[in-house]
Amino acid sequence: MNRLEQGSFALFTDGKRLQPVSLEKNVVGFCSKCEDDLVSVAYHRSDKGWMVSAQCQNQHLVLLLYNNDWNWLGDSELESVPEFKSISSLPREQLEAVFTAAEVRTLEACETGQPYTRQNLYRARAKYEKFEKLFGVKIKL
Ligand SMILES: [Zn+2]
């Protein structure tokens, strides 16, 4: 599933994070779910061509795919994701790829207001940037 990050309008697709190249609002087609106008939210450039995140008035999101000459190739599913993720909403495998088990426990405890080891929290916070680079997700804490 392609994901559009709220706030930054970065697109996560194929394991990549694409910053928008434009946030122009244009009518780009019709929503296949409700037949309302689709209005562009963000334009993204990929090595295959262009991708346009678009939304109708009923909040249906869709990703329109074009080649380099702006020939429409098709639509793809798109979902909106919050810019910052809580620890509890992240897959354990992702967390453990960057943080130690003790650090994950500390982050979870901190988020839920339980007692935690301050030292582990400092260590974990130092790895936030690495986590963001790997998974395109900012951690909220
Ligand atoms: Zn719609």
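Owing to the predicted nature of the structure, the values given are computational and were not obtained by experimental measurement.

**Considerations on the overall build of the chain**
- Of regular secondary structure, the chain possesses four helices and ten strands.
- When its helices and strands are written in sequence order, the chain yields β-β-β-β-β-β-β-β-β-α-α-α-α-β.
- Here the C-alpha atoms of the chain give a radius of gyration of 18 Å, more than 25% beyond the 14 Å that 2.2 N^0.38 yields for 141 residues.
- Taking the principal axes of the C-alpha coordinates as reference, the chain spans close to 55 × 30 × 20 Å.
- For the chain, restricting intrachain contacts to residue pairs at least 6 apart in sequence, the fraction spanning at least 24 positions comes to 39%.

**Things to note about the coordination of the zinc ion**
- Coordination of the zinc ion by the protein is provided by Cys31 (SG), Cys34 (SG), Cys56 (SG) and His60 (ND1), with metal-donor distances spanning 2.0 to 2.3 Å.
- One way to put it: the four donor atoms around the zinc ion meet at angles of 102 to 118°, and that makes the site tetrahedral.
- Mapping the donors of the zinc ion onto the primary sequence yields the spacing C-x2-C-x21-C-x3-H.
- On the accessibility criterion, Cys56 (5% relative accessible area) is buried.
- The class for His60 is partly exposed, based on a relative accessible area of 23%.

**Here's the deal with the pairing of strand E4 (residues 27–30)**
- In this structure, E4 lies alongside strand E5 (residues 37–46), joined through three bridges in antiparallel fashion. Bridged to Val27 within E5 is Val39.
- The antiparallel hairpin formed by E4 and E5 contains six residues in its connecting segment, where Glu35 sits at a positive phi of about 65°.

The rules behind the values
Residues numbered from 1 in each chain as written. Predicted model: local features only at pLDDT ≥ 70, side-chain atom pairs only at ≥ 80, totals over all residues. Heavy atoms only, no water. Helix = DSSP H or I, 4+ residues; strand = E, 2+ residues; numbered from the N terminus. Rg over C-alpha atoms; globule rule 2.2 N^0.38 Å. Contact = heavy atoms within 4.5 Å. Donors = N, O, S within 2.8 Å, 3.2 Å for Na, K, Ca; no water. Tetrahedral: all angles 85-135°; square planar, octahedral: opposite > 155°, others 65-115°. Buried < 20%, exposed > 50% of the residue type's maximum accessible area, 1.4 Å probe, protein only. Pairing = 2+ DSSP bridges.

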